[in-house]
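Here are the chains, one letter per residue:
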Amino acid sequence: MENIVALAKRRGFIFQSSEIYGGLNGFFDYGPLGSELKKNIRDCWWKDMVHRRDDIVGLESSIIMHPKVWEASGHVAGFTDPLIDCKVSKQRYRADQLFFSPVVVDGKTAGYVSALESENTVGALQAAAEAFKRKKALQGTLAPVVAKDMTEAKPEEIELIPSPATGEAGSLTPPRSFNMMFQTNVGAMTDASSVAYLRPETAQGMFVDFKNVVDTGRVKLPFGIAQIGKSFRNEITPRNFIFRSREFEQMEMEYFIHEDADWSKAHQEWIEWCRQWLLSIGLPASHLSLYAHPKEKLAFYSKGTVDIMFAYPFGVQELWGIAARGNYDLNQHANASGKPQELFDEATKKKFVPHVIEPAVGVDRILLAVLCAGYAEEDVKDEKGNVEKRTVLRLSPRIAPVKVAVLPLLKNKEALVGRARALYQKLQRRYAVFYDDGGNIGKRYRRQDEIGTPWCVTIDFDTIEKPGDTFTLRERDSMAQKRITEAELFALLEEQVY
Ligand code: GAP
């Protein structure tokens, strides 16, 4: 992770927000290459989800919506995380991410240990229990730890569990509900009547505009409404770089189906669509897995949720959630607004409220996944046979920020530069390309490898002196080189950048 974060900063993918003022936890800026990469991810999703399907239309709803939207959706009452304070250090923890265990020696509880959730929470607790036993010079057999999170701690246990910040017991508060929506005020008054929220998900826009789209969009069931946009959550513990942040971007789609349709089939189809889409932008199948939420943990209205998980360097984590939400949201908005959200079934001559399947994914999480999966450090031989390290970012041509780098072999030979400039300008009309004439060719290739450019074309003496007007095409992953004409280069791009 450290290497990936360092590369992201060094090459202008991602910066801490407001860095010159010390940064703001949970907020990030995307630099010149990061904003290209992010845009490409969004564009690919939109093309595949909206343009290349006949049953899905787009939407761009406002970030601040009527506060009643969030009352009806349940977010005002229930969009909470369990929060614990350490009264001494003033640190705050999410109770479900702070784990504890009794230290049991010869069958008796001698005290408690705690650890923040990690790749190896149980190991951390066990090590803490052993250290506790040594420090207190306890004799006897230490039982294996039993890890529970703080939402499961009994009131009498909370007193005895040490704070991870101080290592001492007695300073942790019982968990309380913390609403994650950012509040603001609309208009000149800053009283309760003007309170509004930054949206914590884009999804409600699709439910609230459902009737508008039906009445204007010439859509017929089953159909979907898709949206890409910023969402905001005041996460208690933003972490793992851009994985969990407070301002992030979502790509969500609400797929409406008849109330009598086979929701399970539609759900399965969307899970597979999402998985295939992730493969299409270059994530390896080996890093992807599915996690079905246990029935007892689902919201009462939910019929099923499956997450596509990704093996990040810090553990296997949720990338994309695909939920079967029944008709809960449309019903909630119908009840709260007094405006029915029904469709008319011509066959049965009855009105009904459609059900929905919702694939919801974060752009930032996808971007982090492609950086993690694509990053590699390799030993390679230079022209003289010396072994050197190369850092390479294996990004799919679909999403790579720069598709082709155009490199004149020498920058002081007019004929080479002229041909290179002409090719560059022609490519520029359709693709994000880069012109680089600084340093030796090997170094220029390395610079492009590091930012994930799939191809470099070198304009050399053969280009200008031999018939055929061919260039050297150098492929990033294999580093193989071959000669190629301009027409062949455009054909290659047409096929790979779609
Ligand atoms: N409308 C449903 C919904 O918002 P979610 O599981 O809370 O569901 C959907 O969020 C996706 O949004 C997640 O799978 C994740 O990719 C992304 N996401 C959620 N919270 C995030 C955060 N704090 N930072 C970055 N991405 C986040």
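Predicted, not measured: the structure shown is a model, and the values here were computed from it.

A.B. asks: Now, about the overall build of the chain: what can you tell me, with residues and values included?
C.D. replies: What the chain contains, in helices and strands, is 15 helices and 26 strands. The dimensions of the chain, computed from C-alpha atoms along their principal axes, are 85 × 75 × 50 Å. In the chain, buried positions account for 50% of the 498 residues. Here the analysis covers contacts within the chain between residues at least 6 apart in sequence; of these, 64% occur between residues at least 24 apart.

A.B. asks: I'd like a rundown of the site of the ligand, residues and numbers included.
C.D. replies: Neighbouring residues of the ligand: 18 residues in total, closest Glu201, Arg233, Glu252, Glu318 and Leu319. Take Glu235: an N or O atom from its side chain is 2.8 Å from a nitrogen atom of the ligand. Going through the elements one at a time, β13 (247-257), β16 (315-326) and β19 (355-362) are the ones with two or more residues in the shell around the ligand. Partitioned by chemical class, the residues of the shell around the ligand number 6 nonpolar, 4 polar and 8 charged.

A.B. asks: Got a sec to walk through the pairing of strand β12 (residues 223-232)? Specific residues and values, please.
C.D. replies: Moving residue by residue along a regular strand, the side chains alternate between the two faces of the sheet. β12 sits mainly inside the fold: 9 of its 10 residues count as buried. In this sheet, β12 lies alongside strand β3 (residues 56-58) in parallel orientation, the contact comprising 3 bridges. Residue pairing for β12: Val57 is matched across the bridge by Ile225. Examined bridge by bridge, β12 and β13 share 10 bridges and lie antiparallel to one another.

A.B. asks: Any chance you could break down the sheet that holds strand β8 (residues 148-149) for me, citing the residues and the numbers?
C.D. replies: Strand pairing in a sheet relies on backbone hydrogen bonds. The paired strands run either parallel or antiparallel. Pairing in this open sheet of 3 strands is antiparallel, and the strands run β7-β6-β8 from one edge to the other. Since the sheet does not close on itself, it has two edges, and those belong to β7 (108-116) and β8, each with one partner. The pairing of strand β6 (residues 98-105) with β8 spans 2 bridges and is antiparallel. Note that in β8 the partner of Phe99 across the bridge is Asp149. In this fold helix α5 (residues 121-135) packs onto β6 and β7, with an angle of close to 135° to the strand it touches most, β7.

A.B. asks: So what's going on with the environment of Met49? Residues and values would help.
C.D. replies: Counting through the fold element by element, Met49 comes out in helix α2 (residues 32-51). A residue is classified by how much of its surface remains accessible, and Met49, at 0% relative accessible area, is buried. Separated by 225 residues in sequence, Met49 and Cys274 place their C-alpha atoms 9.8 Å apart. Every residue in contact with Met49, bar those within four places of it in the chain, is listed here: Ile56, Ala226, Met253, Trp270 and Trp273.

A.B. asks: Got a sec to walk through the nonpolar core? Specific residues and values, please.
C.D. replies: Grouped together as the largest cluster of nonpolar side chains are 59 residues, with contacts concentrated most on Ile41, Trp45, Trp277, Trp320 and Ile366. Per-element tally for this core: the top contributor is helix α11 (residues 363-374), with 8 residues. Core analysis: the next-biggest nonpolar cluster, separate from the first, contains 21 residues, Leu427, Val433, Leu492 and Leu493 among them.

A.B. asks: Tell me what's going on with the pattern of salt bridges, and back it up with residues and numbers.
C.D. replies: Close approach of charged atoms allows side chains with opposite charge to pair. A complete count under the given rule lists 38 salt bridges for this structure. Notably, a salt bridge pairs Asp469 with Arg419, separated by 2.9 Å at the nearest N-O pair. Note that Asp469 is positioned in the loop between α14 (461-465) and β25 (471-475) and Arg419 in helix α12 (residues 414-428), a separation of 50 residues in sequence. Ionic pairing is found between Asp449 and Arg474, a salt bridge with its closest N-O pair at 2.7 Å. One end of the pair, Asp449, is in helix α13 (residues 441-451); the other, Arg474, is in strand β25, with 25 residues separating them in the sequence. Sharing partners across several salt bridges, the network here consists of Glu378, Glu388, Arg390, Arg394, Arg446, Asp449, Arg474, Arg476 and Asp477.

So, how was this worked out
Residues numbered from 1 in each chain as written. Predicted model: local features only at pLDDT ≥ 70, side-chain atom pairs only at ≥ 80, totals over all residues. Heavy atoms only, no water. Helix = DSSP H or I, 4+ residues; strand = E, 2+ residues; numbered from the N terminus. Buried < 20%, exposed > 50% of the residue type's maximum accessible area, 1.4 Å probe, protein only. Contact = heavy atoms within 4.5 Å. Near = heavy atom within 4 Å. Polar contact = N/O pair within 3.5 Å; in protein donor to acceptor, adjacent residues only side chain to side chain. Nonpolar A, V, L, I, M, F, W, Y, C, P; charged D, E, K, R; others polar. Pairing = 2+ DSSP bridges. Axes fitted to C-alpha atoms, helices over the stretch in contact; angles between N-to-C directions. Core = buried A, V, L, I, M, F, W, Y, C linked by side-chain atoms within 4.5 Å. Salt bridge = Lys/Arg side-chain N within 4 Å of Asp/Glu carboxyl O.

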